[in-house]
Amino acid sequence: MSLALLFLLFVITISILLSKLGRKYPFPPGPKGLPVIGNMGLMGQLNHHGLAELAKIYGGLCYLKVGQIHMVAVSTAYMAQQVLQAQDSVFSNRPATMAISYLTYDRADMAFAHYGPFWRQMRKICVTKVFSRKRAESWASVREEIYSFIKEISTKVGSNVNIGETVLGLTKNITYRAAFGSISQEGQGEFLKIMQEFSKLFGAFNVADFIPWLGWINGQDFNRRLAKARGALDGFIDKIIDDHMVKRKNRGIENGEEDVEDDMVDELLEFYGEDGSGKSDSITITRDNIKALIMDVMFGGTETVASAIEWAMAELMKSREDLIRVQEELANVVGLDRQVNEFDLEKLTYLKCVIKETLRLHPPIPLLLHETATDVVVDGYKVPAKARVMINAWAIGRDESAWTEPHKFKPSRFLETNAPDFKGSNFEYIPFGSGRRSCPGMQLGLYALELTVAHLCHCFNWELPDGMKSDELNMNDVFGLTAPRAVQLVVIPSVRLNCPMF
Ligand code: HEM
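Below: a short report on this structure.

Criteria and thresholds
Residues numbered from 1 in each chain as written. Predicted model: local features only at pLDDT ≥ 70, side-chain atom pairs only at ≥ 80, totals over all residues. Heavy atoms only, no water. Axes fitted to C-alpha atoms, helices over the stretch in contact; angles between N-to-C directions. Helix = DSSP H or I, 4+ residues; strand = E, 2+ residues; numbered from the N terminus. Parallel < 35°, antiparallel > 145°, perpendicular 65-115°, else oblique. Left-handed = near helix turned anticlockwise from the far one by under 90°. Contact = heavy atoms within 4.5 Å. Nonpolar A, V, L, I, M, F, W, Y, C, P; charged D, E, K, R; others polar. Salt bridge = Lys/Arg side-chain N within 4 Å of Asp/Glu carboxyl O. Buried < 20%, exposed > 50% of the residue type's maximum accessible area, 1.4 Å probe, protein only. Pairing = 2+ DSSP bridges. Phe/Tyr/Trp six-rings, centres within 6.5 Å; stacked < 30°, edge-to-face > 60°. Near = heavy atom within 4 Å. Polar contact = N/O pair within 3.5 Å; in protein donor to acceptor, adjacent residues only side chain to side chain. Expected span 1.5 Å × (residues − 1). Arc of directions from axis to C-beta.

1. Description of the packing of helix H6 (residues 136-154) against helix H16 (residues 442-459)
- Running from amino to carboxyl end, H6 crosses H16 at an angle of 25°, the nearest separation of the two axes being 10 Å. On the basis of the axis angle, H6 is roughly parallel to H16. Seen from above, H6 lies across H16 with right-handed handedness. Contact residues: Ser 138, Trp 139, Val 142, Arg 143, Ile 146, Phe 149, Ile 150 and Ile 153 in H6; Gln 443, Leu 444, Tyr 447, Ala 448, Leu 451, Thr 452, His 455, Leu 456 and Cys 459 in H16.
- Looking at the contact of H6 with H16 residue by residue, the class counts come to twelve nonpolar, four polar and one charged.

See below:
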């Protein structure tokens, strides 16, 4: 009897303690939800614009619950610092839908792996090998593809050029070539189709992600589509991996006789071993890891860079005085008798300011998606474990308390001393994220971005079609994996250089 009483007392004490803890740290403020579905009615608003509006009402840390998923939107530099720096180890996991988990071979990649030893290994391989500045081949593929791209535009002098479309073609070529080398060029069309389907499935709404017992609604069709998409990727990349293995064998690389590494698949094969017999640095990766990492590069490096180039050109078309200033700088530093090259970039101060300002107003990944590993308290509010954290880099870059005239395109703000840099320590400016999960492809991305915009501004003068005025340009964006322009930029080039271009 006394034992039962003691047990009852224990249970009551624990419940009181737990409820006190709950009361001590409330959830952050946020819109009230309905039973079971919570804030599912706001799903269409969970993009950078909608969340910025919610921040105006509820503040920099806003709580929502969709079905069973806790969500937190972070919309100020201060809150971003709390999440990405002060307590970053708790906030460094990634959320993934069922589709994402399946299509990344159960998070066998880096971008969707949770923070931990496996992610650290993948990141090490990518940072020290695959994305490293030392891997000259990636940088060479950027230069060579930009060369072909400018050549293509030079054939269209005097006519309309859809910058959005051509630039996306350029970045697809760059990443495809950096990933697979030149031996697989003929399969590019097929691969792009696979990527498109992945992209759709990544973004598809699946009720089971939020209310698992309603999974039957999307049902078998969705699962069949997922299986088909991953099967198509398997068929495509398995062949490429096999071809690369044969190529390496023929070159004698497997015996260490020759050290030729010309693309990312070669680089990753250095660590390959299904049976745990990888050769480099005692890190071993499987075929699934190789496939999933290649998809990270394709998704991480294609639309991001293309969207930033198109936005930079659109802002310059809108702000003619800035375009003139960039072109004057190019004329002074490079001269009109030759093309610009990578060694000129360091001296192109204003061009770099234009790129920074573009990334402030139009961060290609406007929402950084993280997940909490444990329960945690932020600024006096409780954020539960496994909460989906959406850091609104777009809203933070336009925060009135951090920026003067935040909505104005004003590259010269980056000429000021102590202007923020995108290295991640200024939380009002985080186009590449900050901390552990920040972008490992930043250097490569910036290189492609700066060099392309420099070439476009140096080689050509630009006009808008049909007598359109600068202030008539539509500057709206759309939300998908990235935030590209709603209406693609169309412009007319004319020759600017005194020398023959090719
Ligand atoms: C202008 C170009 C780019 C921008 C603005 C950009 C931005 C970002 C951002 C904001 C993140 C997420 C940070 C976070 O969650 O806190 C990210 C992650 C990532 N980026 Fe980039 N990126 C760019 C180019 C690239 C390129 C060229 C590559 C590959 C070649 C790349 C590969 C990745 C990968 C793999 C991740 C995931 C890292 C992880 O989860 O550990 N990105 N990027």
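2. So, the pattern of salt bridges
- Tallied over the entire structure, the rule returns 23 salt bridges.
- When the shortest N-O distance is used, the salt bridge between Asp 266 and Lys 247 registers 2.9 Å. In this pair, Asp 266 sits in helix H10 (residues 264-269) while Lys 247 sits in helix H9 (residues 219-251), placing the two residues 19 residues apart along the sequence. Neither residue differs from the other here; Asp 266 and Lys 247 are each classed as buried.

3. Things to note about the environment of Ser 319
- Topologically, Ser 319 is positioned in the loop between helix H12 (303-318) and helix H13 (320-333).
- Spatially, the C-alpha atom of Ser 319 lies 33 Å from that of Val 297, the residues being 22 residues apart in sequence.

4. Quick notes on the sheet that holds strand S3 (residues 161-162)
- Here three strands make up an open sheet; going across it, the order is S3-S9-S8 and the pairing antiparallel. The two strands at the open ends of the sheet, each matched to only one other strand, are S3 and strand S8 (460-463).
- One ladder, built from two bridges, connects S3 with strand S9 (residues 490-495); its direction is antiparallel. Across the sheet, residue Asn 162 finds its bridge partner in S9, namely Val 490.
- Docked against the sheet, H16 engages S8 and S9, running at close to 85° with respect to S8.

5. Focus on the environment of Ile 163
- Position of Ile 163 among the secondary structure elements: in helix H7 (residues 163-180).
- You can call Ile 163 buried: its relative accessible area is 0%.
- Each C-alpha atom, one on Ile 163 and one on Met 313, is 8.4 Å from the other, the two residues being 150 residues apart in sequence.
- Once residues within four sequence positions are removed from consideration, Ile 163 is found in contact with Glu 310, Trp 462, Leu 489 and Val 491.

6. Observations regarding the packing of aromatic side chains
- Counted according to the given criterion, the structure contains 19 aromatic pairs.
- Taking the centre distance of 6.0 Å and the plane angle of 75° together, the rings of Phe 198 and Phe 202 count as edge-to-face. Highlighted residues: Phe 198 and Phe 202, both in helix H8 (residues 188-203), separated by four residues, approximately one helical turn.
- Residue class for Phe 198 comes out buried when judged on its relative accessible area of 0%.
- Under the relative-accessibility criterion, Phe 202 is labelled buried at 12%.

7. Re the site of the ligand
- If you check the shell around the ligand, you find 24 residues, and the closest are Arg 94, Trp 119, Arg 123, His 370 and Cys 439.
- Within the side chain of Trp 119, an N or O atom sits 2.9 Å from an oxygen atom of the ligand.
- Gly 300 places a main-chain nitrogen or oxygen 3.3 Å from a nitrogen atom of the ligand.
- Listed by contribution, the elements that provide at least two residues to the shell around the ligand are helix H5 (117-130), helix H11 (287-301), H12, strand S4 (367-371) and H16.

8. Quick notes on H13
- With 14 residues, H13 should cover 20 Å at 1.5 Å per step; its first-to-last C-alpha distance of 20 Å lies within 8% of that length.
- All buried positions along H13 are accounted for by Asp 322, Leu 323, Val 326, Gln 327, Glu 329 and Leu 330. One side of H13 holds all its buried residues, which, seen down the axis, span an arc of 155°. Summarising the geometry of H13, the exposed residues directed more than 90 degrees from the buried face are Glu 321 and Asn 332.
- Turning to H13, the residues buried within the fold contact H12, helix H14 (349-361), H16 and S8.
- One or two residues past the end of H13 sits Gly 335, with phi positive at roughly 85°.

9. Quick notes on the packing of H12 against H14
- Where H12 contacts H14, the axes come no closer than 9 Å and their chain directions differ by 105°. It follows that H12 is roughly perpendicular to H14 by the angle criterion. Residue-level contacts link Ala 308, Trp 311, Ala 312, Glu 315 and Leu 316 of H12 to Val 354, Thr 358, Leu 359 and Leu 361 of H14.

10. What to know about the environment of Leu 359
- Position of Leu 359 among the secondary structure elements: in helix H14.
- Owing to a relative accessible area of 4%, Leu 359 belongs among the buried residues under this scheme.
- Linking Leu 359 and Gly 67, residues 292 residues apart in sequence, is a C-alpha distance of 34 Å.
- With residues near it in sequence (within four places) discarded, Leu 359 still touches Ala 308, Pro 364, Phe 422, Tyr 429, Pro 431, Phe 432, Leu 446 and Leu 449.

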